[in-house]
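Fold and contact review
The lines below spell out each chain.
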Amino acid sequence: MQLGLIGLGKMGGNMRERIRRAGHTVLGYDRNPDVSDVSSLHELVEQLDGPRVVWVMVPAGGPTQSVIDELAGLLSPGDTVVDGGNSRWTDDEKHAEQLAAHGIGFVDAGVSGGVWGLENGYALMVGGEKEHVERLQPIFEALKPEGPYGYVHAGKVGAGHFSKMVHNGIEYAMMQAYAEGWELLEKVDSVTSVREVFRSWQDGTVIRSWLLDLAVNALDEDEHLEKLRGHAEDSGEGRWTVEAAIDNAVPLPAITASLFARFASRQGDSPQMKLIAALRNQFGGHAVESSQ
């Protein structure tokens, strides 16, 4: 299958490679000419055979809207656009309607896997009409992890990004729980090797997880996280999750508290946020702030 991929950053570049390894043809465009296969969106569209499939992996909001606007004028009826970035689900219906006016299909795909996705695969949560989703099935199969799990057609347009938003909200709360436990263990004199306590939890316990494995990785690199400042940003999806909970009268005390804890981290140097920052760096390559 042939695919156009727009945005070749930390995730997009690795996604291009994984899809190519599965035997598909990928033409990538990025504003950075050093990684781009073509020089413009126009050239990308011109080189794709119809009906075309174009996957967008750019930041949410204005950058995504700009790309959608340009593609609406370049693509043809019967083509399909996939938004695989972290767009707010409320934007998906607008994008689908905008493209449908030109006869172009739209699919929203929540993508999880971070910097590890190239080797491990990407979990995919997809929203859109059945005909558009089925057309993309070979690409989804190339991107997902091996085995029966890691892909779902979650529902109609917007369902993919909504599902990914909730996934990230849960991630916030899980990371916060590990961070609070780590700080408490570090605080007491009786526990002399917090890192090894975390390592012991990796097998046979009910709290074992990939996040726990990444926490151990971070502690192996910096046992007491002394090189990090206790400051953690939020990507926006935690906020959207809390807002959606308010709109639907669904109580989310753990997720809401974990979001507020990140706000508190910006008012000082929080020990817990050192582990949150380390985990975000481990799975997503997010920037950290040095304690120096």
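Residues numbered from 1 in each chain as written. Predicted model: local features only at pLDDT ≥ 70, side-chain atom pairs only at ≥ 80, totals over all residues. Heavy atoms only, no water.

1. Regarding the pattern of salt bridges
What the rule picks out here adds up to 18 salt bridges. Residue R195 is joined to E196 by a salt bridge in which the shortest nitrogen-to-oxygen separation is 3.3 Å. Between E223 and R195 there is a salt bridge, with its nearest N and O atoms 3.7 Å apart. Residue E223 is located in the loop between α10 (210-221) and α11 (237-247), and its partner R195 is located in helix α9 (residues 194-200); the two are separated by 28 residues in the primary sequence. Three or more residues are tied together by salt bridges with common partners; here these are R195, E196, R199, D220 and E223. (Salt bridge = Lys/Arg side-chain N within 4 Å of Asp/Glu carboxyl O. Helix = DSSP H or I, 4+ residues; strand = E, 2+ residues; numbered from the N terminus.)

2. Regarding the pairing of strand β6 (residues 123-127)
Here is the key point about a regular strand: its side chains alternate between the two faces of the sheet. Along β6, four of the five residues are buried, which leaves the element largely enclosed by surrounding structure. In this sheet, β6 lies alongside strand β5 (residues 105-112) in antiparallel orientation, the contact comprising five bridges. What sits directly across from A109, in β6, is V126. Pairing of β6 with strand β7 (residues 151-155), which is carried by four bridges, proceeds in the parallel orientation. The partner of G127 across the bridge, within β7, is G155. (Buried < 20%, exposed > 50% of the residue type's maximum accessible area, 1.4 Å probe, protein only. Pairing = 2+ DSSP bridges.)

3. A short note on the pairing of strand β4 (residues 80-83)
Of the two faces of β4, the one lined by T80 and V82 and the one lined by V81 and D83 are each fully buried. Each parallel crossover has a hand, and the one from strand β3 (residues 53-56) via helix α3 (residues 62-74) to β4 is right-handed. Two elements, β4 and β5, share four bridges in a ladder whose sense is parallel. Each bridged residue has a counterpart across the sheet, and for T80 the counterpart in β5 is G105. With helix α4 (residues 89-100) bridging β4 and its parallel neighbour β5, the resulting β-α-β unit is right-handed. (Right-handed = clockwise from strand over helix to strand, strands pointing away.)

4. Description of α4
With twelve residues, α4 extends 17 Å between its outermost C-alpha atoms, agreeing within 8% with the 16 Å of an ideal straight helix rising 1.5 Å per residue. All buried positions along α4 are accounted for by W89, D91, D92, H95, A96 and L99. Summarising the axial view, the buried residues of α4 lie within an arc of 140°, below the 170-degree limit, and thus occupy one face. In α4, those exposed residues whose orientation departs by more than 90 degrees from the buried face are E93, K94 and E97. Where α4 is buried, its residues contact α3, β4, β5, α8 (159-187) and α11. (Expected span 1.5 Å × (residues − 1). Arc of directions from axis to C-beta. Contact = heavy atoms within 4.5 Å.)

5. As for the sheet that holds β7
Spatial strand order, β2-β1-β3-β4-β5-β6-β7: seven strands in an open sheet with mixed pairing. The open sheet terminates on both sides in strands that have one partner only, identified here as β2 (25-29) and β7. Direction aside, neighbouring strands of the sheet carry axes that sit 25° apart on average. Where strand β1 (residues 2-6) and β2 come together, five bridges link them in parallel fashion. Across the sheet, residue L3 finds its bridge partner in β2, namely V26. Those strands touched by α4 are β4 and β5, and its axis lies near 150° from that of β5. (Axes fitted to C-alpha atoms, helices over the stretch in contact; angles between N-to-C directions.)

6. Re the environment of G117
Within the secondary structure, G117 sits in helix α5 (residues 117-120). Owing to a relative accessible area of 0%, G117 belongs among the buried residues under this scheme. Those residues within four positions of G117 in sequence are excluded, and the remaining contacts are R18 and Y122.

7. A short note on α11
For α11, every residue scored as buried is listed here: E237, G238, W240, T241, V242, A244 and A245. Looking at the buried side of α11, the elements it contacts are α4, α8 and α12 (253-265). Directly beyond the C-terminal end of α11, a positive phi value near 55° is found at A249.

8. As for the nonpolar core
With 24 residues, the main nonpolar core has W182, F198, L225, L275 and L279 as its most contacted residues. Secondary-structure elements contributing two or more residues to this core are α8, α9, α10 and α13 (271-284). Beyond its immediate sequence surroundings of up to four residues, L225 is in contact with W182, A218, L219, K274, L275 and A278. Formed by 22 residues, the second largest nonpolar core is a distinct cluster that contains V38, V54, V58 and L75. (Core = buried A, V, L, I, M, F, W, Y, C linked by side-chain atoms within 4.5 Å.)

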